[in-house]
Amino acid sequence: MGIRDWKSWLRRDDPREEATEELIQALPGSKSAAEDFSLVDVPIQGGTLRVFLPSRFPHDKPTLQLLQPTRHEFVDRYNQVKYPGLDNWSHKTDIVRVVREVVEALCEPTVAPAVETRPSLERPPSDRSIQAPAVPDRIEAVEAMSTKELRCLDDEGVRDLVEALPQVTVMSQMLADLRNTNLESAERVRAQREAASIKDAEAQALRMRLADDAAAYEALLARARTLEPADALAEAARAYEARARECDQTSLAVLDRWQDGTCDRPTFLEEYVAARAAHHEARVLAKLAEIRTRPPLTRESP
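Sequence order sets the numbering: in each chain, residues are counted from 1 along the sequence as written. Under the rules for a predicted model, residues below a pLDDT of 70 receive no local features and side-chain atom pairs below 80 are neither given nor counted, while totals for whole chains, interfaces and linings still include all residues. Computation of side-chain values: all heavy atoms of the structure, hydrogens and water removed.

### Quick notes on helix α2 (residues 15-26)
Phase 1: Over its twelve residues, α2 runs 16 Å from end to end, which matches the ideal 16 Å to within 8%, given 1.5 Å per residue.
Phase 2: Identification of polar contacts relies on pairs of N or O atoms within 3.5 Å, with a donor-acceptor requirement for protein atoms, meaning one able to donate a hydrogen and the other able to accept it, and with residues adjacent in sequence counted only if both atoms are side-chain atoms. Numbering goes from the N terminus for both helices and strands, where a helix is a DSSP run of H or I of at least four residues and a strand is a run of E of at least two. The opening residue of α2 is D14, an N-cap whose side-chain oxygen sits 3.0 Å from the backbone nitrogen of R16. For a helix, the expected span equals 1.5 Å multiplied by the residue count minus one.

### Section: the packing of α2 against helix α4 (residues 95-107)
Phase 1: Note on method: axes are straight lines fitted to C-alpha atoms, helices fitted across the in-contact stretch only, with angles between N-to-C directions ranging 0 to 180 degrees. For the pair α2 and α4, interaxial distance at closest approach is 9 Å and the crossing angle is 45°. The angle between the axes of α2 and α4 places the two elements in the oblique class. Here α2 and α4 pass one another in a crossing that is right-handed. Facing α2, whose interface residues are A19, E22, L23 and A26, α4 presents I95, V96, V99 and R100.
Phase 2: Its residues assigned to classes, the contact of α2 with α4 comprises six nonpolar, no polar and two charged. For this classification, under 35 degrees means roughly parallel, over 145 means roughly antiparallel, 65 to 115 means roughly perpendicular, and everything else is oblique. Here a crossing is called left-handed whenever its near helix is offset anticlockwise from the far helix by less than a right angle, and right-handed whenever the offset is clockwise. In what follows, residue pairs with any heavy atoms lying within 4.5 Å of each other are defined as contacts. Three classes are used, and their members are as follows: Ala, Val, Leu, Ile, Met, Phe, Trp, Tyr, Cys and Pro are nonpolar, Asp, Glu, Lys and Arg are charged, and the others, Gly among them, are polar.

### Let's talk about a negative patch on the surface
Phase 1: The grouping of D154, D155, E156, D160 and E163 at the surface amounts to a negative patch.
Phase 2: You can see D160 is positioned in helix α7 (residues 155-163).
Phase 3: For every residue, the accessible area obtained with a 1.4 Å probe (protein chains only) is divided by the maximum for its type, and the residue is called buried under 20%, exposed over 50%, and partly exposed between those limits. A relative accessible area of 43% means that D160 is categorised as partly exposed. Two distance rules govern patches: like charges are joined within 9 Å, and nonpolar side chains (Val, Leu, Ile, Met, Phe, Trp, Tyr) within 5 Å, applied only to residues with over 30% relative accessible area and no salt bridge. Only the protein chains shown count as cover for residues, and the accessible areas themselves come from Shrake-Rupley with a 1.4 Å probe. One side-chain nitrogen of Lys or Arg within 4 Å of one carboxyl oxygen of Asp or Glu is enough to make a salt bridge. When charges are counted, neither His nor the chain ends are considered; positive counts come from Lys and Arg and negative counts from Asp and Glu. To locate a charge, take NZ of a lysine, CZ of an arginine, CG of an aspartate or CD of a glutamate.

### Digging into α4
Phase 1: Over its 13 residues, α4 extends 19 Å from the first C-alpha to the last, a length consistent with the 18 Å expected when each residue adds 1.5 Å.
Phase 2: In this fold, the buried residues of α4 make contact with α2, β2 (39-44), β3 (47-52), β4 (63-66) and α3 (84-87).
Phase 3: With a side-chain oxygen lying 3.1 Å from the backbone nitrogen of V96, the N-terminal cap of α4 falls on D94.

### Thoughts on the packing of aromatic side chains
Phase 1: Ring geometry is summarised as follows: Phe, Tyr and Trp rings, the Trp one being its six-membered ring, pair when their centres sit within 6.5 Å, and such pairs are stacked at plane angles under 30 degrees, edge-to-face over 60 and tilted between the two. Tallying each qualifying case throughout the model produces four aromatic pairs.
Phase 2: Residues F57 and W89 carry aromatic rings whose centres are separated by 5.9 Å and whose planes lie at 35° to one another, so their mutual orientation is tilted. Taken as a pair, F57 in the loop between β3 and β4 and W89 in the loop between α3 and α4 lie far apart in primary sequence, 32 residues in all. Take F57 and W89: they sit in the same class, and that class is buried.
Phase 3: On the numbers, 5.4 Å between centres and 90° between planes, the contact of F74 with Y83 is edge-to-face. The exposure classification of F74 matches that of Y83, with both residues buried.

Structural data, given as structure tokens:
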């Protein structure tokens, strides 16, 4: 049995998994946002409604919070939904019906009370402007405990009570989302820097090759200027033309080998550049020899 199957087997009696499946089936576009089925994201007009299912669900009521600033009579300053159906929550309440009613109510135009009006809500929705959840004034699980149970409560028990709070779940999910976003951004920056480094190295190699070609060209010109006899120059021109054609065929053969996949990139670049350089060298020498063999132009007398 794989790890995922094992986790699924352990959660087979978790009512949160059943509630998550019901919400996904009843509300198109909804999806689970946590492996333990404690978070469900429901799409609404203009954003997302996140449903938090506590560990003691359905005995403890769920928490509904918008992931974007919204002005509505059912939404408080922390973007949490204060819907009347949640105040009368019991373990028999239909979670799908409540969430559907909330979605429908949020789609209806309304004017928020004056006390809820804040300048920050006038800004465009952004994940960066999401407010942190409010610290609860009381913890129902603690109030339900007896004095003896409270005295026996150790550090691990306190931690379990705190982690079961919807507000802590919200902050944990926000922290995980932020961590994932930072990792993705760091990976993109690293990849961009590596690509830029490779391009810089290739550009430097091309600059060095161009400098070498320029020096070779100057040397060819100097050698061509030393040629004097006309007959020898004509013969040299023919020899250089033949050499140029030979180098041209060699470069084409190297190109065919690389296109066929029988030659790697470094070998192709080395052989192809060498063949083309030899081709241009022969062409320059042939052209200069041909110019030397031509008789000088004479100006006709008027």
